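# Structural description and commentary
Here's the letter readout for the chains.
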Amino acid sequence: MTMSAARGICSLALIGQLLGGCAQTADIPPAGAENGDQSCCPADYSYMVFFDWNSTAINDESRGIIADAVTMFRAIGASTIVLSGHADRSGPAGYNLVLSRKRAEAVKALVTALGIAAGRVVTIGKGERWPQVPTQDGVRDPQNRRVEFVFE
């Protein structure tokens, strides 16, 4: 999924939330669908930002996605943002684990700068263990260099 696609899904969810309903973005039937009730449904409020190779720098497009995520976090009243950092398989596993943690921390710094208390943001480094695109060792893949947001 591209950054624009990730933003589109989340914007759809935000629009639904603001209109008093919610937009379904997961393969889960809407709550009450068995009775014909379509007033609200489970929504997937996940966000993702991507990084250049061997970098923790946040680009302008990612800044916009992070701002959207913070807006949604506030709108839905979640208590915690979990930021999971990832790396591709182009470097040693230990290095990639540290890099993934640094990516999550870089996103946390921006989230807190946007007004979310640091104690409400959890960071996790997952290294290269859970690629979005499976690759062989040593392969650079931009989809695997990411930080994923989950609201709890």
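Predicted, not measured: the structure shown is a model, and the values here were computed from it.

Quick notes on the rules
Residues numbered from 1 in each chain as written. Predicted model: local features only at pLDDT ≥ 70, side-chain atom pairs only at ≥ 80, totals over all residues. Heavy atoms only, no water. Helix = DSSP H or I, 4+ residues; strand = E, 2+ residues; numbered from the N terminus. Buried < 20%, exposed > 50% of the residue type's maximum accessible area, 1.4 Å probe, protein only. Contact = heavy atoms within 4.5 Å. Phe/Tyr/Trp six-rings, centres within 6.5 Å; stacked < 30°, edge-to-face > 60°. Expected span 1.5 Å × (residues − 1).

## Concerning the overall build of the protein chain
When helices and strands are tallied, the protein chain shows three helices and four strands. Mapped in sequence order, the helices and strands of the protein chain form the string α-β-α-β-α-β-β. Counting only residues that meet the buried cut, the protein chain has 41% of its 152 residues in that class. Sequence-distant contacts, at least 24 apart, represent 70% of the contacts inside the protein chain between residues at least 6 apart.

## Some remarks on the packing of aromatic side chains
The final tally for this structure, using the stated rule, is three aromatic pairs. Ring geometry for Y47 against F151: centres 5.9 Å apart, planes inclined by 35°, an arrangement best described as tilted. Placement of the pair is Y47 in strand 1 (residues 47-50) and F151 in strand 4 (residues 146-151), with a sequence separation of 104 residues. For the pair Y47 and F151, one class covers both residues: buried. Pairwise contacts between aromatic rings join Y47, F73, F149 and F151 into one cluster.

## Things to note about helix 3 (residues 93-113)
Residues three or four positions apart in an α-helix share a direction because the helix packs 3.6 residues into each turn. For helix 3, spanning 21 residues, the distance from its first C-alpha to its last is 30 Å, which sits close to the expected 30 Å at 1.5 Å a residue. Here helix 3 has its buried residues at N96, L99, S100, R103, A104, A106, V107, K108, L110 and V111. In this fold, the buried residues of helix 3 make contact with strand 1, helix 2 (60-76), strand 2 (81-85), strand 3 (121-125) and strand 4. Phi turns positive, to about 105°, at G115, one or two residues after helix 3.

On their own, these measurements won't tell you what the molecule is for.
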